[in-house]
Amino acid sequence: MASIEILIAFTVLSLSLGAIILITFRNQSIVESNSMSSSALSMALETIEEVRGLATFDFNLVQPIVKTTDGTYERSLEATQIDPFTKQATSTVSWNEYGLSLHVSLSTLLTNPLGYLNGDSCNSIYIDKESWKNPTASTWDFGELGVNGGNGNGFGIGGLSVSNQRLYIGLDAVPSSNKNTIYIFDLPTSSGQKPVYRGATTTAALVSAIAISRNYAFVATKSTVSQLQVIDISDPTKPTIVASRKVTGSSGLGNAIHYHNNKIYLGLTANTSGAELAVFDVSSSTNPILISNGMYEVGHDVNSIVTRGNYAYIATPSSESMTILDILPSSKTFMQRIGGFTSSFYPPDLNGVGSNYGESMFLLGNTMYFGRTYGTNEFYALNISNPTNVLTLGNLNVVVNPNNKNSIYGISVKGDLAFFITKAQFQVWDVSNINSIKPWSQDSTTNTFLSLASLGGSGGPSYCSGDFMYLGILTPSTNRKDMLSIISASPNP
């Protein structure tokens with residue numbers, strides 16, 4: 001088969017740098033087909049430019065595109081994940097001429113340096129969609145992870161995060177024999193192996209959530225006087241607290257945390273004496289500075305935080321499950337509400353105390369995947385392209401028996417698969433048609449989703465990194481022995 005192969009290699013330092021073009025001809029019969037080959041090249045270039053634009057807007061949007069044809073040209077895009085922060089995209093245009101099968105291929109490397117800085121390390125391209133119908137899990141308690149002399153009793157997981165091949169776990173319960181609240185582990189190099197314990201330290205209070213950027217861990221603690229703590233993790237064997245901050249005028253406890261572009265967004269529990277959301281400048285990580293006027297009174301707990309551009313999205317237990325704030329300091333509406341989402345299906349607590357609360361979020365492009373606590377229609381796909389007018393694209397009643405186990409505590413999205421952490425199950429849903437969301441499981445029902453009870457508890461904090469989901473398995477509050485589970489797709493037979 002005759003072919004024309006063209007390789008365009010962009011530098012990996014910036015998405016906007018110029019190109020170095022290498023053209024090679026192999027076994028070619030040069031024919032008078034300048035017009036068709038030029039058109040094919042233009043099409044391939046157009047696709048590459050579109051992909052580069054997508055990567056700049058949201059790196060996770062770069063996905064393979066199946067072949068399409070206009071009757072003359074066949075177009076496709078192959079996208080592969082080299083590592084969490086690098087993708088290779090190859091645009092191919094094929095056509096037939098003079099009995100020859102011809103094609104043009106252009107390839108580019110796309111990088112996501114901000115993803116590294118912000119801790120966004122989840123591979124957004126899955127290797128094999130079918131293998132996620134039957135995920136596998138490896139689970140260990142803290143004793144089995146080499147902590148506390150092999151005794152895992154008394155440990156409760158409050159938050160976890162993954163960065164640079166290390167796992168960070170924060171505790172909301174500790175045994176009397178070991179008061180450390182932050183633990184650091186090296187991640188295994190292959191599926192089924194357990195993480196390797198490296199070091200630990202004690203924060204001023206129990207931990208609700210962790211965010212990592214480079215050599216620092218930013219911790220939300222259950223304290224009214226030091227809701228934010230910063231830990232130097234450059235030496236994992238000797239993590240050291242380097243800063244502690246209180247949100248001025250607030251008596252709330254640290255409840256959620258989010259790092260983005262040298263800023264920490266700290267969410268607190270509801271309180272009557274101050275704000276529940278505070279923004280710190282952490283350009284100097286050892287000296288967090290509460291931004292002037294960088295606080296917002298929600299009147300409710302802040303359960304999770306996502307940012308994009310000039311806006312912050314916060315999930316709360318209020319009737320407005322998601323509130324959108326202006327976070328551009330130079331704006332006249334800085335730290336003011338500009339939009340939000342209120343479900344038409346039942347207000348908070350109608351289906352029982354704790355029901356219908358805004359709980360978890362995952363932003364992909366202009367679609368916010370939004371999870372609520374148990375009730376009716378716990379999942380929503382929302383169009384947030386106009387933050388002043390959020391539109392519902394689709395919703396889903398997450399059916400689990402018995403009821404009250406439908407709460408969606410965590411959401412991640414890879415291509416057209418959405419991953420939910422509920423109290424009872426690790427769920428995988430096909431969201432390729434947002435108006436007809438289907439269980440992606442062995443029998444295409446919710447019955448064969450991975451049971452978390454089979455792992456020894458219920459769903460807790462989670463974090464997606466690479467091709468793995470790291471999940472805290474929670475045990476009864478009267479006898480804490482929480483565990484770590486690493487979930488992955490089943491290998492192909």
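Above: the structure in question.
Calculation notes
Residues numbered from 1 in each chain as written. Predicted model: local features only at pLDDT ≥ 70, side-chain atom pairs only at ≥ 80, totals over all residues. Heavy atoms only, no water. Phe/Tyr/Trp six-rings, centres within 6.5 Å; stacked < 30°, edge-to-face > 60°. Helix = DSSP H or I, 4+ residues; strand = E, 2+ residues; numbered from the N terminus. Buried < 20%, exposed > 50% of the residue type's maximum accessible area, 1.4 Å probe, protein only. Lys NZ or Arg CZ within 6 Å of the ring centre and 35° of its normal. Pairing = 2+ DSSP bridges. Axes fitted to C-alpha atoms, helices over the stretch in contact; angles between N-to-C directions. Contact = heavy atoms within 4.5 Å. Patch = residues over 30% accessible without salt bridge, like charges linked within 9 Å, V, L, I, M, F, W, Y side chains within 5 Å. Areas by Shrake-Rupley, 256 points an atom, 1.4 Å probe, with all protein chains shown as cover. Salt bridge = Lys/Arg side-chain N within 4 Å of Asp/Glu carboxyl O. Expected span 1.5 Å × (residues − 1).

Enquirer: Can you break down the packing of aromatic side chains residue by residue, with the values?
Expert: To describe a pair of aromatic rings, one takes the distance between the centres and the angle between the planes. Applying the stated rule across the entire model yields 18 aromatic pairs. Measuring from centroid to centroid gives 5.4 Å for Trp429 and Phe449, while their planes differ by 55°, and the two rings are tilted. Linking Trp429 in strand S30 (residues 425–430) with Phe449 in the loop between strand S31 (438–439) and strand S32 (450–451), this pair joins segments that are 20 residues apart in sequence. Accessibility assignment for this pair places Trp429 and Phe449 in one class, buried. One aromatic cluster is present, built from ring pairs that chain together Phe142, Phe155, Tyr183, Phe185 and Tyr197. Above the ring of Trp440, the side-chain terminus of Lys133 is found at 4.4 Å from the ring centroid. Positioned above the aromatic ring of Phe57 is the side chain of Arg308, whose terminal nitrogen or guanidinium carbon lies 4.7 Å from the ring centre.

Enquirer: Run through the sheet that holds strand S10 (residues 182–186), naming residues and quoting values.
Expert: Spatial strand order, S8-S9-S10-S11: four strands in an open sheet with antiparallel pairing. Looking along the sheet, the strands with just one partner apiece sit at the ends: strand S8 (156–163) and strand S11 (196–201). Adjacent strand axes in the sheet meet at a mean angle of 20°, parallel and antiparallel pairs treated alike. Of the strand pairs in this sheet, strand S9 (residues 166–173) and S10 are connected by five bridges, and their pairing is antiparallel.

Enquirer: Which residues make up the environment of Thr446, and what are the values?
Expert: Structurally, Thr446 is set in the loop between S31 and S32. Each C-alpha atom, one on Thr446 and one on Val399, is 7.1 Å from the other, the two residues being 47 residues apart in sequence. With sequence-adjacent residues up to four places away left out, Thr446 is seen in contact with Val399, Gln425, Trp429 and Pro439.

Enquirer: Can you tell me about the pairing of strand S35 (residues 483–488), naming the residues and giving the values?
Expert: Within S35, six of the six residues are buried, leaving the element largely enclosed by the surrounding structure. Covered by surrounding structure in S35 are Met483, Ser485 and Ile487 together with Leu484, Ile486 and Ser488, the residues of both alternating faces. Examined bridge by bridge, strand S34 (residues 468–474) and S35 share five bridges and lie antiparallel to one another. Residue Gly472 lies in a different strand from S35, and its bridge partner there is Leu484.

Enquirer: Please provide a residue-by-residue account of a nonpolar patch on the surface, values included.
Expert: Nonpolar side chains collect at one region of the surface, where Phe345, Tyr346 and Leu350 lie side by side and expose about 280 Å² of accessible area between them. By the element assignment, Leu350 lies in the loop between strand S23 (337–341) and strand S24 (358–364).

Enquirer: So what's going on with unusual backbone geometry? Which residues, and what values?
Expert: Within the chain, Asn262 stands out as a residue other than glycine whose phi angle is a positive 65°. Assignment of secondary structure puts Asn262 in the loop between strand S16 (254–260) and strand S17 (263–268). For Tyr346, which is not glycine, the phi dihedral falls at a positive 65°. Looking at the element boundaries, Tyr346 is found in the loop between S23 and S24.

Enquirer: Pulling in residues and values, what's your account of helix H1 (residues 34–57)?
Expert: Its 24 residues give H1 an end-to-end C-alpha distance of 35 Å, which sits within 8% of 34 Å, the value for a rise of 1.5 Å per residue. Of the positions making up H1, those classed as buried are Ser37, Ala40, Met43, Ala44, Thr47, Ile48, Val51, Arg52 and Ala55.

Enquirer: Before we move on, can you summarise the sheet that holds S17 with the specific residues and values?
Expert: The antiparallel open sheet is built from four strands, whose spatial order is S16-S17-S18-S19. At either margin of the open sheet sits one strand with a lone partner, and together these are S16 and strand S19 (289–296). On average, adjacent strands in this sheet sit at an angle of 20° to one another, irrespective of strand direction. In terms of strand pairing, S16 meets S17 through six bridges, oriented antiparallel. Paired with Gly254 across the bridge in S17 is Leu268.

Enquirer: Before we move on, can you summarise the pattern of salt bridges with the specific residues and values?
Expert: Applying the stated criterion to the full structure yields 14 salt bridges. Across the salt bridge formed by Asp172 and Lys222, the nearest N and O atoms sit 3.9 Å from each other. Of this pair, Asp172 sits in strand S9 while Lys222 sits in the loop between strand S13 (216–221) and strand S14 (228–232); the two residues are 50 residues apart in sequence, bridging distant segments of the chain. Taking the relative accessible area as the measure of exposure, Asp172 reaches 19% and is therefore buried. For Lys222, a relative accessible area of 38% corresponds to the partly exposed category. Across the pair Arg480 and Asp482 runs a salt bridge, and its minimum N-O distance is 2.6 Å. Judged by its relative accessible area of 17%, Arg480 falls in the buried class. With relative accessibility at 0%, the residue Asp482 sits in the buried group. When salt bridges with common partners are traced through the structure, they connect Asp172, Lys222, Arg480 and Asp482 into a single cluster.

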